[in-house]
Amino acid sequence: MDRMRGGKLKNGLRTIRWSERARWNSAFAIPQTRLAAGAIVVCLAVAAGWAIADQGWHLFVRRILDGLNNGFVYAAMAFSLVLIFKATGIINFAQGNMAMFGAFIAFELVNLAGLPVWLAVAAAVLFSAAAAAAIERVCIRPFGPDNHLGIIIVTLSWYLILFGTAGVIWGFDAKAFPSMFPGGVEDYFEVAGIRVRFETLGVWIVVLAVLGGCMALLRFTRLGLAFRAVSSNLESSRLHGIHIGSVIQFGWALAAGVGTLAACLIAPHAYLDPNMMNRVLIYSFAAQTVGGLDSLGGALMGGLLIGLVETLLGGYVPAIGPEFAFPVAFVVIAVILLVRPSGMFGTRRVERV
Amino acid sequence: MALLELKEGQPAYRFYRIALIATAALVLIVIPWLVPSNASVDLWSQAVAFSVAILGLNLIVGVSGQISLGHSAFVGLGAYTTVILVGDYGAPYLATLPISFALCFLAGLVVGLPATRLSGLYLAVITLSIATTFPVIILKFSDFTGGANGKILYELLTPPAWFPFETRTRFAPVAFRYYVILAIAALMFLIAYNLVNSRVGRALKAIRNNAISASTSGVPVARYRTLIFGVSAAFSGVAGSLLMIQNPLATETRFEIFMSLFLLVAVFAGGTVSIAAIPGAFLYVFLPHYAIQWAEHMPFLQGRPGAGSISYVLYGVVLLFFIFLLPGGVADGVSRLWKRVVAVRPALAGKFIGAGHAHNSQAHQSPLLGPDTVPSDVVRRLETNETST
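Each chain has its residues counted from 1, following the order in which its sequence is written. Key to labels: chains lettered from A, ligands numbered from 1, both in the order written. Selection of residues for local features in this predicted model requires a pLDDT of at least 70, selection of side-chain atom pairs for listing and counting requires 80 or more, and totals for whole chains, interfaces and linings are taken over all residues. By convention in this description, side-chain values take in all heavy atoms of the structure and omit both hydrogens and water.

Quick look at the overall build of chain A
Short version of the rule: To qualify as a helix, a DSSP run of H or I must reach at least 4 residues; to qualify as a strand, a run of E must reach at least 2; elements of each kind are numbered from the N terminus. Burial classification: accessible surface area is computed with a 1.4 Å probe over protein chains only, and a residue below 20% of its type maximum counts as buried, one above 50% as exposed, and the rest as partly exposed. The Shrake-Rupley method, run with a 1.4 Å probe, gives the accessible areas here. Residue values count only the displayed protein chains as cover.
Scanning chain A from terminus to terminus reveals 14 helices and 2 strands. Across the 353 residues of chain A, 54% fall into the buried class. Only carbon and sulfur atoms are counted for the fraction: they give 68% of the accessible area of chain A, which is about 15300 Å².

With respect to the interface of chain A and chain B
Applied cut-off: Residue contacts are defined here by distance: any two heavy atoms, one from each residue, within 4.5 Å place the two residues in contact. Once two parts are brought into contact, the accessible area they lose, counted with a 1.4 Å probe and summed over both, makes up the buried area. Every case where a carboxyl oxygen of Asp or Glu lies within 4 Å of a side-chain nitrogen of Lys or Arg is listed as a salt bridge. Polar contacts, as counted here, are pairs of nitrogen or oxygen atoms within 3.5 Å of one another; within protein the pair requires one atom able to donate a hydrogen and one able to accept it, and residues that are adjacent in sequence qualify only if both atoms are side-chain atoms.
Listed by partner, the interface residues are 51 residues for chain A and 49 residues for chain B. Roughly 4600 Å² of surface becomes buried between chain A and chain B when both sides are summed, with 79% attributable to carbon and sulfur atoms. Contact with chain B buries area across many residues of chain A, yet Leu149, Leu160 and Val168 of chain A alone supply 14% of it, more than any other trio. The interface formed by chain A and chain B includes 0 salt bridges. At the junction of chain A and chain B, the tally comes to 2 residue pairs in polar contact (both at pLDDT 80 or more).

Considering helix α11 (residues 244–270) of chain A
Residues and elements named next belong to chain A. Rules: In this scheme, a helix's expected span is set at 1.5 Å multiplied by one less than its residue total.
The terminal C-alpha atoms of α11, which comprises 27 residues, lie 38 Å apart, in line with the 39 Å expected from a rise of 1.5 Å per residue. The buried count for α11 comes to 22 of 27 residues, which makes it a mostly enclosed element. In the segment just after α11, Tyr271 is the residue with positive phi, at about 65°.

Comments concerning the pattern of salt bridges
Residues and elements named next belong to chain B. A full pass over the atoms with the stated rule returns 4 salt bridges over all chains. Asp88 is the salt-bridge partner of Lys151, the closest N and O atoms lying 3.4 Å from each other. Highlighted residues: Lys151 in strand β2 (residues 151–152) and Asp88 in helix α3 (residues 71–89), separated in sequence by 63 residues. According to the relative accessible area criterion, Lys151 is buried, its value standing at 16%. Assessed through its relative accessible area of 44%, Asp88 is described here as partly exposed.

A short note on the pairing of strand β2 (residues 194–197) of chain A
Residue and element names in this part refer to chain A. Let me state the cut-off plainly: For two strands to pair, DSSP has to find at least two bridges joining them.
Residues Ile194 and Val196 of β2 are buried on one face, while the alternating residues Arg195 and Arg197, pointing to the opposite face, are not. Inspection of the sheet shows strand β1 (residues 188–191) paired to β2 by 4 bridges, in the antiparallel sense. Each residue of the ladder has a partner; that of Val191, found in β2, is Ile194. Remark: 2 residues form the turn of the hairpin made by β1 and β2, two consecutive strands paired antiparallel; Ala192 in that turn has positive phi of roughly 50°.

Re empty space enclosed by the protein
Under the convention used in this document: Computed over the protein atoms alone on a 1 Å grid, cavities are sets of points where a 1.4 Å probe fits but cannot get out and pockets are open sets with protein on both sides within 12 Å along at least five of seven lines; a residue lines them when it has an atom within 4 Å of a point. Grid points are joined across faces, edges and corners, and a volume is the space filled by probe spheres set on the points. Residue classes follow a fixed rule: Ala, Val, Leu, Ile, Met, Phe, Trp, Tyr, Cys and Pro count as nonpolar, while Asp, Glu, Lys and Arg count as charged, and any other residue, Gly among them, counts as polar.
A full pass over the atoms with the stated rule returns 4 cavities of 30 Å³ or more. The volume enclosed by the largest cavity comes to roughly 70 Å³. Along the walls of the largest cavity sit Phe93, Leu156, Tyr159, Asn278, Leu281 and Ile282 of chain A together with Leu128, Thr132, Ile257 and Leu261 of chain B, which together make up its complete lining. Put simply, the parts of the chain that give the lining of the largest cavity at least two residues each are α7 (148–170) and α12 (276–291) of chain A together with α5 (120–140) and α11 (257–270) of chain B. Counting residues per element, the lining of the largest cavity draws most heavily on α12 of chain A, which supplies 3 residues. When its residues are assigned to classes, the lining of the largest cavity shows 8 nonpolar, 2 polar and no charged.

Topic: the environment of Ala120 of chain A
Residue and element names in this part refer to chain A. The residue Ala120 is located in helix α6 (residues 117–140) in this model. For the pair Ala120 and Val110, spaced 10 residues apart in sequence, the C-alpha separation works out to 6.1 Å. Excluding residues that lie within four positions of it along the chain, Ala120 makes contacts with Ala106, Leu109, Val110 and Leu115.

Considering a nonpolar patch on the surface
Inclusion rule: Patch membership needs two things, relative accessible area over 30% and no salt bridge, and members are linked within 9 Å if like-charged or within 5 Å if nonpolar (Val, Leu, Ile, Met, Phe, Trp, Tyr).
On the surface, Val331, Val335, Leu338 and Val339 of chain A cluster together into a nonpolar patch covering about 340 Å² of accessible area. Looking at the element boundaries, Leu338 of chain A is found in helix α14 (residues 321–339).

Some details on the confidence of the model for chain A
For the record, the criterion: A score from 0 to 100, pLDDT tells how confident the predictor is in each residue.
The predicted model of chain A averages 81 in pLDDT, with 85% of residues at 70 or higher. Per-residue pLDDT stays below 50 along residues 1–12 of chain A; that stretch engages in 16 contacts with residues further than four places along the chain or on separate chains.

A look at helix α13 (residues 296–316) of chain A
Taking 1.5 Å of rise per residue, 21 residues should cover 30 Å, and α13 of chain A covers 30 Å from first to last C-alpha, within 8% of that figure. Looking at where α13 of chain A begins, the residue whose side-chain oxygen comes 2.9 Å from the main-chain nitrogen of Gly298 of chain A is Ser295 of chain A.

Notes on the packing of aromatic side chains
Stated precisely, the cut-off is as follows: Stacked, edge-to-face and tilted labels apply to pairs of Phe, Tyr and Trp rings (six-membered ring for Trp) whose centres lie within 6.5 Å, assigned for plane angles under 30 degrees, over 60, and everything in between, in that order.
Counted by the stated rule, this structure contains 28 aromatic pairs over all chains. Centre to centre, the rings of Tyr159 of chain A and Phe258 of chain B are 6.0 Å apart; their planes meet at 50°, and the pair counts as tilted. Of the two residues, Tyr159 of chain A is situated in helix α7 and Phe258 of chain B in helix α11; the pairing between them involves two chains. According to the relative accessible area criterion, Tyr159 of chain A is buried, its value standing at 7%. What makes Phe258 of chain B buried here is its relative accessible area of 5%. A ring pair is formed by Phe163 of chain A and Phe258 of chain B, whose centres lie 4.5 Å apart and whose planes are at 40°; its orientation type is tilted. Residue Phe163 of chain A is located in helix α7, and its partner Phe258 of chain B is located in helix α11; the two belong to separate chains. Take Phe163 of chain A: its relative accessible area is 1%, and that puts it in the buried class. Taken together, the ring pairs connect Tyr159, Phe163 and Phe172 of chain A together with Phe50, Phe258, Phe262, Tyr284, Tyr312 and Tyr315 of chain B into an aromatic cluster.

Side note on the side chain of Asn278 of chain A
All names here are of chain A. Mapping Asn278 onto the fold places it in helix α12. Polar contacts involving the side chain of Asn278 include one to the side chain of Tyr159, which spans 2.9 Å. With residues near it in sequence (within four places) discarded, Asn278 still touches Asn97 and Tyr159.

Things to note about the confidence of the model for chain B
Residues and elements named next belong to chain B. Looking at chain B as a whole, the pLDDT averages 79, with 84% of positions reaching at least 70. Confidence drops under pLDDT 50 across residues 369–389; counting only partners more than four residues distant or on other chains, this segment forms 13 contacts. Overall fold confidence for the complex sits at a pTM of 0.81, while the interface term, ipTM, reaches 0.79.

What about the packing of α11 of chain B against helix α12 (residues 277–297) of chain B?
All names here are of chain B. How we decide: Lines are fitted to the C-alpha atoms to define the axes, a helix being fitted only along its stretch in contact, and any angle between axes, read from their N-to-C directions, falls within 0 to 180 degrees. Roughly parallel means an angle under 35 degrees; roughly antiparallel means over 145; roughly perpendicular covers 65 to 115; every other angle is labelled oblique. Rotating anticlockwise by less than a right angle from the far helix to the near helix defines a left-handed crossing, while the corresponding clockwise rotation defines a right-handed one.
Orientation of α11 relative to α12, taken along the N-to-C sense of each, is 135°, at an axis distance of 8 Å. Comparing their axes, α12 and α11 come out oblique. Note on packing geometry: the crossing formed by α11 with α12 is right-handed. Residue-level contacts link Met259, Phe262, Leu263, Val265, Ala266, Ala269 and Gly270 of α11 to Pro279, Gly280, Leu283 and Tyr284 of α12. Taken together, the residues that form the contact of α11 with α12 break down as 9 nonpolar, 2 polar and no charged.

Notes on the environment of Ile282 of chain A
Relative to the helices and strands, Ile282 of chain A resides in helix α12. Separated by 189 residues in the primary sequence, Ile282 of chain A and Phe93 of chain A place their C-alpha atoms 9.7 Å from one another. Every residue in contact with Ile282 of chain A, bar those within four places of it in the chain, is listed here: Phe326 and Ile333 of chain A together with Leu128, Ser129 and Thr132 of chain B.

Written as structure tokens, this is what we have:
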């Protein structure tokens, strides 16, 4: 850690690229990690074999598809949480309700203004990005970057404000949100006797495209480089002349946009009401924790894993059932934090006194 | 300057402290006669019961500097313990208090175990998922807990024959429940006061200010963090039992994540010193009560089905207000005003340079203001020097 920090000071921003690549490789360089990963794969294989033998492979594949569908949404939410974590160093508890609010705005744009769904979602994404940038400027930046407790409290108060405002404006009756993809009964194609719905495929493609786009933005543009520099070392990026505040603001805007998109993707299934993102938020926290709090790729992996675990455990273990799969996310978080606090791909933190 | 100056250890100072405590006790005791209706006495009982939960949460937030979003689950655990024991096993109400204390203490230890290894952020996530899991568990074991219908007791705690005040209609049982809750709350405050001012409390404050340097000074950080989480959960459990004494209706919707958030708002609004749990509890109980009444009269809210959720917005705004303008909470503001009336000089003030200042600042320190030992830019400068050499 020391040597890395010194190196960064000497060689400037170029080393950050190196350190991110090294983190991916080093995650599996530790023998215990490889052993644990192997054990998990063996367990999964045994469980999958049992599940196929028990209820047939058609159902199995369909559950995997369902799980991946949820998983991609969790991945998008977890991705936005990771962005905030990299920018401000905290977990944004208001992220779910910011996304919920954005989805409501898309809903109103479709209903009142009569926009096509795609356009409405795009407008809502832009709106919530702007709103998040404003929230960051007004409520987050006045706190010093080290005052984590203060910033967490601010995000909690925004959680309450957004939830209450949505409740006052739209009430608590669930509303049907129009899907962005052809979602009729006939809209599917068959591969080897398994129906893949266009809607499912659409969610996968959109999430992968957006996440890929964001990763590219962070990797190949000057702004992205500045963002990675700020998240890696605040002090030395300030010394390099990066304007910290606007870079962090950019992170918040990007995160809110991705979050709103995730909410619009899950809203056709979950229905639209002020409570809709609470559960998704918990699953996304679990995904972020599994992947490592500050790893963007880890968020994708973690989201898919949590989606699969939720659907398969809820489907195949009668004692758990779909309703009780929820606490499983909590158990996953607790176990991961106890065994490997930095997650699969997260940065290990070494503190000095 | 102050109207009155007192020195610690003087007889006048001792008299002043006793007078303060006696006044507070007197006000709380005569409250049932001052408020207009039995329903408002019930609200006051609720406020006193919640002050115990807020006190418990304050032991984590204020004293050990961590954050918990899961206290609604512990309040719920205590409440269900009381309701199930009284309803299904015929236990007397008061006998369930120690049981829910012990049960929640154990539950808190189990949840607090991760806290021993983790920083505040991870603890927040773990406790958040506990808060959201609790209602699911209640619904899952519905034959035991009553499920979505909740569990209601029709037999309330009734006053014994020697309890006199049958002056108004149905006043005596309401007043009796208020006094029972008040007495138990007073006991819990006494326990918390002694805990915070003991060896354990000092160790926890050291951990809050800097965990690593506390551990190098020989404070077992992990053990104390788990312990305080357990104690805090136990306080919340007792608060849940007290709530059931006031109104024995346990449903899973009463113990949702929002309760945790509101408790946290109350902690920060009251201030992070333990006695501040009282103003926080008033805010907790009376803000939504009056907000809903107020919302009924507002033209822009009328006819909206979700108008009641205006209180969520108000809670959020109150929280923002206190974080930005008065990070020490109500208690800090009041004590700063009060210092202009009565100033207390610590007994050691003349002997050690700076001792008086240290005494004053430690009493009302908010974790939001950060550790008050070394300015952060000094630390940063030290760190960068070390790394570059």
